[in-house]
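Chain by chain, the residues run as shown.
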Amino acid sequence: MDNSEKSAFIEKSTSCKKTILTLENIQAFYGEKNVLQDINLKFTEKSFTCLIGPNGSGKSTLLNVLCGINNPSLDITNGKVFLKSQDIKKIQKKEIAKIISFLPQSEMYSWNHLVLDVVMMGRFPYSKGFFGYTKEDTEIAEKALDECDILHLKDRYIFELSGGEYQQVLIARSLCQETKILVLDEPFTHLDISKQHKLLLLLKKLVAEKNLCVIITLHEVNQAAIYGENLILLKEGKILSTGDVKTVFTKENLETAYETDFGFFQHPEFFVPQVFPR
């Protein structure tokens, strides 16, 4: 990667971006446990946001709330989510699915579907009754498979795949949905470092070229510092810090969140802070 590519990669846009998703004063409980406290966030088009924080800090719960997913165990006692200025509770689920695609932390199919059929499920919000999928839907699905470098797997059955291959299929399904907001909850758990890097670059490319809003949780905080335009650091259901890398990725913030002593160094190519526990 030459210097111009590096500069483009880490460049932060200063132009005004349209807000596409807003969370206002969210409070949520599992039983008596307050799992989200006073959450106020705005997400814009053409943005790449990484959620970080220790296990149990509320990252997955926050993603469920912002996607409008009904969880009978979760009691949202205050606050609202607005999708394109509309209360998300008042929008039909099929219409939400045309704007937000969500890949949860773990998802398993009970039936041994073909890979192409799984990816085609991303076209369901656009399907019309009993007419099924169109030729265009198939082309979109195959393009998503190709972007994820797994087009060669399209005629395989999912039970034959490795964990990493299966995860790439689910990511391709999310891309096939062609939404403006792409929400991914720890999507790289089973992927090797090369595939993680390629998919993160693909997501960055889609943000730049298609004005997508990508919201992703990452356990690898150093990845978040390299790829994230915006970071949200959670601890015990509260936003500890939010903003750009320089604002969030500080010794005080990370050691408070993870209760660990960190050493810091600067990435030699992307010139962002990186950490290691000591």
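So, here's what we can say about the structure. (Residues numbered from 1 in each chain as written. Predicted model: local features only at pLDDT ≥ 70, side-chain atom pairs only at ≥ 80, totals over all residues. Heavy atoms only, no water.)

Scanning the protein from terminus to terminus reveals 10 helices and 12 strands. Here the C-alpha radius of gyration of the protein, 19 Å, is about what a compact globule of 278 residues would show, namely 19 Å. Dimensions of the protein, computed from C-alpha atoms along their principal axes, come out at roughly 55 × 50 × 40 Å. In the protein, buried positions account for 49% of the 278 residues. A separation of at least 24 residues holds for 66% of the contacts in the protein among residues at least 6 apart in sequence. (Helix = DSSP H or I, 4+ residues; strand = E, 2+ residues; numbered from the N terminus. Rg over C-alpha atoms; globule rule 2.2 N^0.38 Å. Buried < 20%, exposed > 50% of the residue type's maximum accessible area, 1.4 Å probe, protein only. Contact = heavy atoms within 4.5 Å.)

Next up on the list: the environment of Leu116. You can see Leu116 is positioned in helix 4 (residues 115–120). We classify Leu116 as buried; its relative accessible area is 15%. In the structure, Leu116 is positioned 24 residues away from Ile140 in sequence and 11 Å away in space, judged by C-alpha atoms. Non-local contacts of Leu116, meaning those with residues more than four positions away in its chain, are made with Ala141, Glu142, Leu145 and Lys154.

Strands pair in a sheet through their backbones, by hydrogen bonds, and they do so in one of two ways: parallel or antiparallel. With respect to topology, 6 strands assemble into an open sheet ordered 6-7-8-3-9-10, the strand pairing being mixed. In this open sheet, the two strands that pair with only one neighbour each are strand 6 (100–103) and strand 10 (238–243). The mean angle between the axes of side-by-side strands here comes to 15°, regardless of whether they run parallel or antiparallel. For strand 3 (residues 47–52) and strand 9 (residues 230–235), the ladder comprises 4 bridges, and the chain directions are parallel. Pairing of Ile52 across the sheet is with Leu233, part of strand 9. Sitting on the sheet, helix 6 (residues 163–176) touches strand 6 and strand 7 (181–185), and the angle it makes with strand 6 is about 170°. (Pairing = 2+ DSSP bridges. Axes fitted to C-alpha atoms, helices over the stretch in contact; angles between N-to-C directions.)

Once that is clear, we can look at the packing of aromatic side chains. Tallied over the full model, the rule gives 3 aromatic pairs. Summarising the aromatic geometry, the rings of Phe249 and Phe264 are spaced 6.3 Å apart at their centres and angled 75° between planes, so their arrangement reads as edge-to-face. Here the residue Phe249 occupies a position in the loop between helix 9 (245–248) and helix 10 (251–258), and Phe264 occupies one in strand 11 (residues 262–266), the gap between them amounting to 15 residues. By relative accessible area, Phe249 is classed as buried at 3%. With centroids separated by 6.3 Å and ring planes inclined at 35°, the aromatic side chains of Phe265 and Phe276 adopt a geometry described as tilted. Of this pair, Phe265 sits in strand 11 while Phe276 sits in strand 12 (residues 273–277), and the two are 11 residues apart along the sequence. Residue classification places Phe265 among the partly exposed positions, given a relative accessible area of 41%. (Phe/Tyr/Trp six-rings, centres within 6.5 Å; stacked < 30°, edge-to-face > 60°.)

The next thing to look at is helix 5 (residues 135–147). Along its 13 residues, helix 5 runs 18 Å from first to last C-alpha, staying within 8% of the 18 Å computed at 1.5 Å per residue. Looking at helix 5, one finds that the buried residues are Asp137, Ile140, Ala141, Ala144 and Leu145. For helix 5, the buried positions fall inside an angular range of 140° around the axis, keeping them on one side. Residues of helix 5 that are exposed and point more than 90 degrees away from the buried face comprise Lys135 and Glu136. Close packing links the buried residues of helix 5 with helix 4 and helix 6. Among the residues trailing helix 5, Asp149 stands out with phi positive, at a value near 60°. (Expected span 1.5 Å × (residues − 1). Arc of directions from axis to C-beta.)

This part is about a positive patch on the surface. On the surface, Lys18, Lys84, Lys143, Lys180, Lys205 and Lys210 cluster together into a positively charged patch. Of the residues examined, Lys84 reaches a relative accessible area of 46% and is grouped as partly exposed. (Patch = residues over 30% accessible without salt bridge, like charges linked within 9 Å, V, L, I, M, F, W, Y side chains within 5 Å. Areas by Shrake-Rupley, 256 points an atom, 1.4 Å probe, with all protein chains shown as cover. Salt bridge = Lys/Arg side-chain N within 4 Å of Asp/Glu carboxyl O. Lys, Arg positive; Asp, Glu negative; His and termini not counted. Charge placed at Lys NZ, Arg CZ, Asp CG, Glu CD.)

Attention now goes to the pattern of salt bridges. Overall, the coordinates contain 12 salt bridges when judged by the stated rule. Taking the shortest distance from any N to any O, the salt bridge between Glu259 and Lys235 comes out at 3.1 Å. Taken as a pair, Glu259 in the loop between helix 10 and strand 11 and Lys235 in strand 9 lie far apart in primary sequence, 24 residues in all. The class of Glu259 is exposed, set by a relative accessible area of 63%. Among the charged side chains, a salt-bridge network with shared partners connects Lys251, Glu255, Asp261 and Arg278.

Turning next to the pairing of strand 12. In this sheet, strand 12 lies alongside strand 11 in antiparallel orientation, the contact comprising 5 bridges. Each residue of the ladder has a partner; that of Phe262, found in strand 12, is Pro277. Linking strand 11 to strand 12, which pair antiparallel, is a turn of 6 residues; within it Phe271 sits at a positive phi near 55°.

Of note in the backbone geometry, Lys84 takes a positive phi value of approximately 50° without being a glycine. With respect to the helices and strands, the residue Lys84 is situated in the loop between strand 4 (74–83) and strand 5 (86–87).

Geometric descriptors of this kind do not, in isolation, establish any biological role.
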